[in-house]
Amino acid sequence: MKKKIAVIGLGYVGLPLAVEFGKHRPVIGFEINRTRVEELENGDDSTLETTSEELKAAKYLTYTTALEDIKGAQIYIVAVPTPTDKNNRPDLTPLIKASETVGKVISKGDIVIYESTVYPGATEEDCIPVVEKVSGLKYNTDFFAGYSPERINPGDKVHTLTTITKVTSGSTPDIGKEIDALYGEIIKAGTHLASSIKVAEAAKVIENSQRDINIAFVNELSKIFNLMNIDTLEVLEAAGTKWNFLPFRPGLVGGHCIGIDPYYLAQKAQEVGYHPEIILAGRRLNDSMGAYVANEVIKLMLKAGKQVKDAKALMLGITFKENCPDIRNTRAIDIYNELKSYGMEVDVFDPWASPVEVKEEYGIDIITKYPEGNGYGAVVLAVAHEEFKTLKLNIHKDKGTIIFDVKGVISKENINSRL
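The following refers to the structure shown. In this text the structure is predicted, and so the values were computed from the model without any measurement.

### Structural notes on the overall build of the protein
Check the secondary structure of the protein and you find 15 helices and 13 strands. The C-alpha atoms of the protein give a radius of gyration of 23 Å, which matches the 22 Å a tight globule of 419 residues would have. Taking the principal axes of the C-alpha coordinates as reference, the protein spans close to 75 × 50 × 40 Å. Taking all 419 residues of the protein together, the buried fraction comes to 53%. Across the protein, contacts joining residues at least 24 apart in sequence account for 72% of those joining residues at least 6 apart.

### Considering the packing of helix α7 (residues 197-227) against helix α10 (residues 278-287)
Orientation of α7 relative to α10, taken along the N-to-C sense of each, is 55 degrees, at an axis distance of 9 Å. Taken together, the axes of α7 and α10 lie oblique to each other. At the point where α7 passes α10, the crossing takes the left-handed sense. Of the residues in α10, those touching α7 at D212, I213, I215, A216, N219 and E220 are I278, I279, G282, R283, L285 and N286.

### Details of the pairing of strand β11 (residues 378-381)
Taking every second residue as pointing to the same face, both faces of β11 are buried, with A378 and V380 on one and V379 and L381 on the other. Bridging between strand β9 (residues 312-316) and β11 involves four bridges; their strand directions are parallel. Counterpart to L314 in the pairing with β11 is V379.

### Looking at the sheet that holds strand β12 (residues 402-405)
Pairing is parallel in the open sheet, where five strands are placed in the order β10-β9-β11-β12-β13. Because the sheet does not close on itself, it has two edges, and the strands there are β10 (345-349) and β13 (417-418). As judged from the two bridges shared by β12 and β13, these two strands associate in the parallel manner. Note that in β13 the partner of F404 across the bridge is S417. On top of the sheet, helix α11 (residues 289-303) reaches β11, β12 and β13; it is set at about 155 degrees to β12, its chief contact.

### Here we look at the packing of aromatic side chains
Counting across every chain of the model gives five aromatic pairs. Ring centres of F349 and F388 lie 6.0 Å apart, and the angle between their planes is 45 degrees; on these two criteria the pair is classed as tilted. Here the residue F349 occupies a position in strand β10, and F388 occupies one in helix α14 (residues 386-389), the gap between them amounting to 39 residues. The two residues F349 and F388 agree in class, both being buried. In this arrangement the basic side chain of K166 is found over the ring face of Y183, its NZ or CZ atom lying 4.6 Å from the centre. Positioned above the aromatic ring of W243 is the side chain of K242, whose terminal nitrogen or guanidinium carbon lies 5.3 Å from the ring centre.

### Brief notes about the sheet that holds strand β1 (residues 5-8)
Within a beta sheet, neighbouring strands are joined by backbone hydrogen bonds and run either parallel or antiparallel to one another. Pairing is parallel in the open sheet, where six strands are placed in the order β3-β2-β1-β4-β5-β6. Whereas interior strands pair on both sides, the edge strands pair on one side only; in this sheet they are β3 (61-64) and β6 (144-147). Neighbour-to-neighbour, the strand axes of the sheet open up by a mean angle of 20 degrees, direction not taken into account. Bridge count for β1 against strand β4 (residues 75-78) is four bridges, and the pairing is parallel. Pairing of A6 across the sheet is with Y76, part of β4. Set on the sheet, helix α6 (residues 173-184) makes contact with β1, β4, β5 (111-114) and β6; between it and β5 the angle comes to about 65 degrees.

What counts as what
- Residues numbered from 1 in each chain as written.
- Predicted model: local features only at pLDDT ≥ 70, side-chain atom pairs only at ≥ 80, totals over all residues.
- Heavy atoms only, no water.
- Helix = DSSP H or I, 4+ residues; strand = E, 2+ residues; numbered from the N terminus.
- Rg over C-alpha atoms; globule rule 2.2 N^0.38 Å.
- Buried < 20%, exposed > 50% of the residue type's maximum accessible area, 1.4 Å probe, protein only.
- Contact = heavy atoms within 4.5 Å.
- Axes fitted to C-alpha atoms, helices over the stretch in contact; angles between N-to-C directions.
- Parallel < 35°, antiparallel > 145°, perpendicular 65-115°, else oblique.
- Left-handed = near helix turned anticlockwise from the far one by under 90°.
- Pairing = 2+ DSSP bridges.
- Phe/Tyr/Trp six-rings, centres within 6.5 Å; stacked < 30°, edge-to-face > 60°.
- Lys NZ or Arg CZ within 6 Å of the ring centre and 35° of its normal.

Set out below in structure tokens:
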């Protein structure tokens, strides 16, 4: 008989995992948010990572907010966020609380697998001791562990859970093989069994750090070429004709992965006595881009003889990436705040974002209908939602409105500037 799985955390990572396993074996999804459980029970997923049909197909999957309901599982998979605090230091609070939850229900012979992105060593140095303390069980004697980092790309309907190679690892060689076989049941793209939990942790954290650094490089190029009056995207298109040129583009870098994970690696590096330079330099540069965009917009307005103070601006997009409702750690908010600091009135339109969530997270009342008039001094396309690519922005431009395209998706003749 197949072992029962309990997935702790039913967000962007946990739910797709629970759904796939729930097609093959008994799975119970544990979530502290009762509203989230109710929507899933009704066949709805507000993250849009799964469809109603996919939820129905997971015939062995149930949901709960009750701790006692997951006590009978033999495998516990933890998929909770790993954010940073206001000083960009790793915040393991959700992970520690999830470990306490596991400690209350885990039994002898059980396995706990972590999927959350962490620095190398976090699973065995920070999480497992909590499970041991709460459960009274001994690690690698009474219970075992594994680490299989998530590779979910929110909003991506091509690179989904089952189509991306899954890195796996275990606290012993035999447990590693068992965990690898477990994920092999659902991952069509195959698995890669790492030699240790630390290797798997390190592999995950450098994936996003590498991407962050590459984007920082093209963001810096954008700043340089702007001063030279050269179109950055045209330069990248030309350079991209070489087979080994990496196709990164400038833009805002936020979300709960790329904009956060490098800080986890940097923190651990400092703990072991090394001060990372490239990693943190890339973070600083990428974090500066929202304010940079806003200041470029202000310069264009002043050059055009437009009043800035009390002028109106329209920002298109508030989510952290295109075609996705996730607003966590979005850097579009930096554009908004910088424009507001100049005394401008800023409207935000985003058909993907929840007005309630935006209000709760950022205190902004977003507009729910695209405005074609309203006398805007500037329009900033901050997020490349499909809906925005067909907007008639020339309606605004014909009225003298400054149009700035952060994502480089609008025809050059219909805008004033872009990254």
